[in-house]
Every structure is written in structure tokens, then in C-alpha cells.
Amino acid sequence: MSRWKALPAELDPRVRQLVVRLRRLKDHSGLSLRQLAAKTGYSPKSWERYLGGRSLPPSEAVEAMARIGGDDPTRLLALHEVAAEAWGDGRAGASAPEAATVEPEILSAGAESARLPGRSLRIALVAGAVALVLAISSAVLLVVRLDGGGGEAAAAPLVSSAAPAPESPAPESSAPTASTYTCRVKRSDGRWYAGNSRTQDAVLGDGHAGPEVAEAQCLLQRAGYSPGGIDGIFGPLTQRAVERVQRRAGLVVDGIIGPHTWKVLRG
């Protein structure tokens, strides 16, 4: 089994799931990066970045990997769609320059022109912001003039109308809340179950919550690796317990529960 380098700690769990699946397909194919490049048309350096979590692979590369590894392209492309959304939300500013720098083997003669839309968009955004500031300034001056000298009193409504904005719901309200779960561990058909979920292939990672997480926490506790508590929230303690189980079983140590880790936990 290939020994992969640890993925970046700041990598979004949804992107991490896609990268881990691609790594497993690469291991299953038995191909080297050079052989993989020959079969997919993407250079070895590109695959090194994709499989290292430093760059998001295009959907065509993901589909090609699915065919090579014998996986379902539809399911893998669904994971890619979720990962692309996470990549755009969390790393748009940091990854934009890297996304524009494609391997020489893939670039066409018009590559330079392909980067122009991004530059034009930034210019348009700056111009729009300047125009908005000028419009607001003009409106304030107009109100002051109409008021005939009572500029402070006239400008006050503009300030007060903007004040309620910070009162919008805080982001913390969307964070998962702890629930109470119980562990009723018993063996059935040669597998361990804890009474919260019977899944054997759900992909769980940091930030996930629900009965599937509680089921995994119960099975981790049964195996002698404390997840910190049976609260149904996949946090740092649960992740460390998963990594210890993966290390003991000889799996890829990524802290994400997938079909292989479920198989170990179910016994």
C-alpha cells in the first residue's frame, strides 16, 4: 500500500474526501504518476498537486481516474462538485493564481488570453466599489444642501439606516449542536453495532454531525480509543481516535471515516 504524505491541515473536509478517494483509486490502479499522466493527459506534476491537496483537479481528470480505478464516475463527480464548492468558498483568493497556472502540457497557445477575464473582473469590481462610494458621497452632500445647514441632522438617517446590519444572525447559529446518544453495542452477523446507525460506507470527517458520527464514536470507544464523548459531533478528539485506529490497521491515516475504516470498526 502506498504511503501518502499527510494532507494540509487547513484542507476543507469535503475536499479531503475527494483527494482520499482519488488516492485510493490510484493505489488500486497500481500506476505510477508518469503512467497515470500518459493515460489521462494531465502531467505528473499536475497529479502530484491534485493528490497532495494543493490544487483542485478538473472534473475531466476526476472522471478519467474513475474509469482507470473502476469506480462509479457519477458518484466521484458528485464528490468533485461538493469539493469544488468548498474550494471556491474557502480558498478563492489563495487558489485563483494557482488555478490560472496550468501545466505546459495542457495549455493552448491562447493561455494568456484565458487569464484576461479574471483580471477584467477584478478591475470591474474595483470600479464598481469606487462608483458606489462616489454615489453615497453625492447623496450625503445633496441632503446637506437641501437641509440648509443642518447637515448633521440630515445625514443622521443614513447612518442609522445602516446600523442594524450587524444585528444579523451570528454564524455560530449554524454550528452543529451536541445531542445525547447512547451506546448499545452488540454483535450481529459478525459485525459490531451500537444502535445509532447501520451504515458501512458513510464518509465522515471533521465538522460532520449526526447519528452516524455517534455510531462511530461508540465503536471507537468499544475498540479502546476514546473519542472524548458520545455527542454525535466529529471534532478533534474523534479525529485523533480515528487516526489511531487507521494507523493500527495499516490504512491511510487521514482522520476520515470511509468504507475501509468502517470495516475495521465493525470488526
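None of the values given here were measured: they were computed from a predicted structure. (Residues numbered from 1 in each chain as written. Predicted model: local features only at pLDDT ≥ 70, side-chain atom pairs only at ≥ 80, totals over all residues. Heavy atoms only, no water.)

All chains considered together, the criterion is met by two aromatic pairs. For the ring pair tyrosine 42 and tyrosine 50, a centre distance of 6.4 Å and an interplane angle of 65° mean the geometry is edge-to-face. Of the residues examined, tyrosine 42 reaches a relative accessible area of 15% and is grouped as buried. Between the aromatic rings of tryptophan 47 and tyrosine 50, the centroid separation amounts to 5.4 Å while the plane-to-plane angle is 80°, which identifies the pairing as edge-to-face. A residue pair is termed a helical-turn pair when its members lie 3 or 4 positions apart in one helix, as tryptophan 47 and tyrosine 50 do in helix H3 (residues 44-51) at three residues. The pair formed by tryptophan 47 and tyrosine 50 is uniform in burial state, with each residue classed as buried. Ring pairs connect the aromatic residues Tyr42, Trp47 and Tyr50, which therefore count as one cluster. Note that arginine 198 overlies the ring of tyrosine 193, its terminal NZ or CZ placed 4.0 Å from the centroid. (Phe/Tyr/Trp six-rings, centres within 6.5 Å; stacked < 30°, edge-to-face > 60°. Buried < 20%, exposed > 50% of the residue type's maximum accessible area, 1.4 Å probe, protein only. Helix = DSSP H or I, 4+ residues; strand = E, 2+ residues; numbered from the N terminus. Lys NZ or Arg CZ within 6 Å of the ring centre and 35° of its normal.)

This next bit is on the nonpolar core. Val15, Leu18, Leu22, Trp47, Met65 and Leu76 are the most contacted members of the largest nonpolar core, which totals 24 residues. Mapped by element, the contributors of at least two residues to this core are helix H1 (13-29), H3, helix H4 (59-69) and helix H5 (73-100). Residue contributions to this core peak at six residues, all from H1. The residues contacting tryptophan 47, other than those within four sequence positions of it, are Leu33, Leu36, Ala37, Thr40, Tyr42, Ala61 and Met65. Of all hydrophobic cores here, the second largest spans 14 residues; its members include Leu204, Ala216, Ala241 and Ile257. (Core = buried A, V, L, I, M, F, W, Y, C linked by side-chain atoms within 4.5 Å. Contact = heavy atoms within 4.5 Å.)

This paragraph deals with the pattern of salt bridges. Enumeration according to the criterion identifies four salt bridges in this entry. Salt-bridge contacts for aspartate 71 lead to arginine 21; the nearest nitrogen and oxygen are separated by 3.4 Å. Of this pair, aspartate 71 sits in the loop between H4 and H5 while arginine 21 sits in helix H1, and the two are 50 residues apart along the sequence. The exposure class assigned to aspartate 71 is partly exposed, which follows from its relative accessible area of 22%. For arginine 21, a relative accessible area of 13% puts it in the buried group. Between arginine 67 and glutamate 63 there is a salt bridge, with its nearest N and O atoms 4.0 Å apart. Pair noted here: arginine 67 and glutamate 63 are both in helix H4, with a separation of four residues, about one helical turn. Note on glutamate 63: relative accessible area 34%, which makes it partly exposed. (Salt bridge = Lys/Arg side-chain N within 4 Å of Asp/Glu carboxyl O.)

Two elements in contact, H1 and H4, have axes separated by 9 Å at closest approach and are oriented at 40°. Viewed along their axes, H1 and H4 adopt a mutual orientation that is oblique. Relative to H4, the crossing made by H1 is left-handed. For the pair H1 and H4, contact is made by Leu18, Leu22, Leu25, Lys26, His28 and Ser29 and by Val62, Met65, Ala66, Ile68 and Gly69, respectively. When the residues that make up the contact of H1 with H4 are grouped by side-chain class, the tally is seven nonpolar, three polar and one charged. (Axes fitted to C-alpha atoms, helices over the stretch in contact; angles between N-to-C directions. Parallel < 35°, antiparallel > 145°, perpendicular 65-115°, else oblique. Left-handed = near helix turned anticlockwise from the far one by under 90°. Nonpolar A, V, L, I, M, F, W, Y, C, P; charged D, E, K, R; others polar.)

Before going further, it helps to spend a moment on the packing of helix H9 (residues 211-222) against helix H11 (residues 259-266). Two numbers describe how H9 lies on H11: the axes approach to 9 Å, and their chain directions differ by 50°. For the element pair H9 / H11, the angle class is oblique. The interaxial crossing formed by H9 with H11 has left-handed handedness. Together, Glu212, Glu215, Ala216, Leu219, Leu220 and Arg222 of H9 and Trp262, Leu265 and Arg266 of H11 make up the contact between the two elements. Here the contact of H9 with H11 is composed, by residue class, of five nonpolar, no polar and four charged.

A separate point is the state of the cysteines. Inspection of the entire model under this criterion finds one disulfide. Linked covalently through their sulfurs, cysteine 183 and cysteine 218 form a disulfide whose S-S length is 1.9 Å. Across the S-S bond linking cysteine 183 and cysteine 218, the dihedral sits near -80°, which makes this disulfide left-handed. Of this pair, cysteine 183 sits in the loop between helix H8 (151-162) and strand S1 (186-188) while cysteine 218 sits in helix H9; the two residues are 35 residues apart in sequence, bridging distant segments of the chain. (Disulfide = S-S within 2.5 Å.)

Function-wise, these values are silent; they only describe arrangement.
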